[in-house]
Amino acid sequence: MVSNGGGNSGSKIRWGELEEDDAEDLDFLLPPKQIIGPDEHGIKKIIEYKFNDDGNKVKITTTTRVRKLANTRLSKRAIERRTWPKFGDAVHEDVGSRLTMVSTEEILLERPRAPGSKAEDSKAVGDSMAQLVKGGAVLMVCRTCGKKGDHWTSKCPFKDLAQPAEGFVDKPPVAEANMPGGAVKGAYVPPSLRAGAERPAGTEMRRRNEENSVRVTNLSEDTREPDLLELFRPFGPVSRVYVAIDQKTGDSRGFGFINFVNKEDAQRAIDKLNGYGYDNLILRVEWAAPRTN
Amino acid sequence: MRPILMKGHERPLTFLKYNRDGDLLFSCAKDHTPTVWFADNGERLGTYRGHNGAVWCCDVSRDSSRLITGSADQTAMLWDVQTGTQLHTFTFDSPARSVDFSVGDKLAVITTDPFMGLTSAIHVKRISKDPSEHVCLFCLCADILVVEIVPEISESVLVLKGPQGRINRAVWGPLNKTIISAGEDAVIRIWDAETGKILKESDKEIGHKKGITSLQKSVDGSHFITGSLDKSAKLWDIRTLTLIKNYTTERPVNAVTMSPLLNHVVLGGGQDASAVTTTDHRAGKFEAKFYDKILTEEIGGVKGHFGPINALAFNPDGKSFASGGEDGYVRLHHFDQDYFNIKI
């Protein structure tokens, strides 16, 4: 809304005749300040004109919405204080100074958990694996569509999968549900293999579990160990995740290993994830070749 | 709720204070000018120019006519709230950290930091009784003031020394009979305001494990809450200094306040300011955390700051609160209706 002031008012006073310093003296050339409203919606418009540094006339329209924030009963003194003149730095404050703003973001008092879910929480305390899954659910962010808390990347409905996903999409929740449910079926699971087994026990098992090691190749460069864990955890307890990192560059070398606690879980993961599109690359998942030593 | 953002300070906030009627909000920051805002719409009413260092603390008299500020420029200043004129300057040998008016506004307790070999100290100063006398002497005949008033007003009534490290907060106890202090040595002390003797000290076992950053009295003055770097806040009886409640959180607590309306306690904090840039913004936990005062259970968190929260204050009507952060913003939150119906 910058208009060249010279054209409008040049007939009365020539700009060249005026000294440069007394720009303030030109204020009489400006149209008076206009205040419109506030109307029934609380919209108030203030139209002001002033000269900017280049000597151009600038029209400033400030639109504000007056909102009643809280019903407060004010004391007599408080009402009197309302009329106090501004002092200090506040004296020179004009409408344009955006010192006070109303947040554009709606801020809520975020409850730590949904009301009524207390009992459920305490039940899960003993089951560290279930807690892990729960904890993960909070940070559930789909890397494909960016949706939060709705689905995992692996279950993103918007993903054009290299391989039809019908087999996979529905499976992980089943696998998740089955995992702690081993006992439901009545089969005995040794404590060290149970979902809630302690991590240190898992590291002890590492040597024996080498045969449950799954190799993943054709990983994208951005894939890190937590991503792999997130991808593979639905199939069962995972004891180790490793992504090969180039020592010099720090970049991923594009392959990694996942050790499952249970062989069956590993097999299921291979079946489902081999050929699965992940971060626009097609994963190759297979049994890791036995180490040659 | 949509908080009101007030960006009047150029440096991190240090302290917030509402006046008794709850219509004015005073803010102190590490820039040199304390500021007063209208607490309903966040409009700036004025600034108090004169300090030459970070302003750490302020207090306003009950009738909202006088403001006292403590600053790192080794002075505490008395201001006229309405006009922003300096009425008096108390000069110390070290930075003033905390100020608090007594009941009746006739005395003020001011704490000073350990500095250049001096130990920390708590000073009790007498504030001239008659505000009109101040106006007369200070505004109209400033020369006389220096000669006559200074000796009367500037002499400390009482100076308390002893605690190691900085005293972060000192407030008056019930009926001005005691002074409660807390600071870096993690010990809460109750002093006799007449004799200057230590009456009670908090137990090392049950007390805070790290420095106490903030202390706030309840509205009725029967109990107070302290926040500490040991990631907890504790509720104490003001007379017996017995520990009533303990609130634990995940981050160092920089500021605490209590709702005057509901049984809510608010803790503000966050990771060290120096670590902020090295981590994800979600890791900082720069939330104002609400706890149930009695059940000590977390009710919720109010996000928004992108630096640690250094100051918190509840409006005396309990319907809004303000938080000030290391990010230089004051955020004024007016609660939605559903806040008042929260059930645990």
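Residues numbered from 1 in each chain as written. Chains lettered and ligands numbered in written order. Predicted model: local features only at pLDDT ≥ 70, side-chain atom pairs only at ≥ 80, totals over all residues.

Regarding the UniProt feature "repeat: WD" (unreviewed entry) in chain B
Here's step 1: When the UniProt feature table is mapped onto this chain numbering, "repeat: WD" (unreviewed entry) sits at residues 6–47, 48–89, 160–201, 205–246 and 302–332 of chain B.
Here's step 2: In this annotation, residues 302–332 of chain B is assigned 0% helix and 52% strand; the end-to-end C-alpha distance for the span is 11 Å. (UniProt positions renumbered as here; feature names shortened; annotations may be inferred. Helix = DSSP H or I, 4+ residues; strand = E, 2+ residues; numbered from the N terminus.)

A closer look at the sheet that holds strand S7 (residues 238–245) of chain A
Each strand in a sheet pairs with its neighbour through backbone hydrogen bonds, running either in the same direction (parallel) or in the opposite one (antiparallel).
All names here are of chain A.
Here's step 1: With antiparallel pairing, the four strands of this open sheet are ordered in space as S7-S8-S6-S11. Only two strands of the sheet have a single partner each, and these edge strands are S7 and strand S11 (284–287). Here the average twist between neighbouring strands, direction ignored, is 20 degrees.
Here's step 2: Direction of pairing for S7 relative to strand S8 (residues 252–260): antiparallel, over a ladder of six bridges. (Pairing = 2+ DSSP bridges. Axes fitted to C-alpha atoms, helices over the stretch in contact; angles between N-to-C directions.)

Remarks on helix H9 (residues 225–232) of chain A
All names here are of chain A.
Here's step 1: Every buried residue belonging to H9 is among Leu228, Leu231 and Phe232, and all of these are buried. The buried side chains of H9 occupy one side of the element, clustering within an arc of 85 degrees when seen end-on.
Here's step 2: Close packing links the buried residues of H9 with strand S6 (213–217), S7, S8, helix H10 (263–273) and strand S9 (277–278). (Buried ≥ 20, exposed ≤ 12 C-beta atoms within 10 Å, placed from the backbone. Arc of directions from axis to C-beta. Contact = placed C-beta atoms within 7 Å.)

Quick look at the interface of chain A and chain B
Here's step 1: Between chain A and chain B, the contact holds 26 residues from the first and 38 residues from the second.
Here's step 2: Counting residues per element, the ones that place at least two in the side of chain A that touches chain B are helix H2 (76–82) and strand S5 (100–102) of chain A.
Here's step 3: The class makeup of the residues in the side of chain A that touches chain B is 13 nonpolar, five polar and eight charged.
Here's step 4: The sheet contact formed by S5 of chain A and strand S1 (residues 4–6) of chain B spans three bridges and is antiparallel. Each bridged residue has a counterpart across the sheet, and for Met101 of chain A the counterpart in S1 of chain B is Leu5 of chain B. (Nonpolar A, V, L, I, M, F, W, Y, C, P; charged D, E, K, R; others polar.)

Here's the deal with the sheet that holds strand S22 (residues 253–258) of chain B
Residues and elements named next belong to chain B.
Here's step 1: Here we have four strands laid out as an open sheet, ordered S22-S23-S24-S25, and antiparallel in their pairing. Here the strands that pair on one side only, and so sit at the sheet edges, are S22 and strand S25 (298–302). Direction aside, the axes of adjacent strands within the sheet are offset by 20 degrees on average.
Here's step 2: Pairing analysis gives four bridges linking strand S24 (residues 288–292) to S25, with the strands arranged antiparallel. Counterpart to Lys289 in the pairing with S25 is Gly301.

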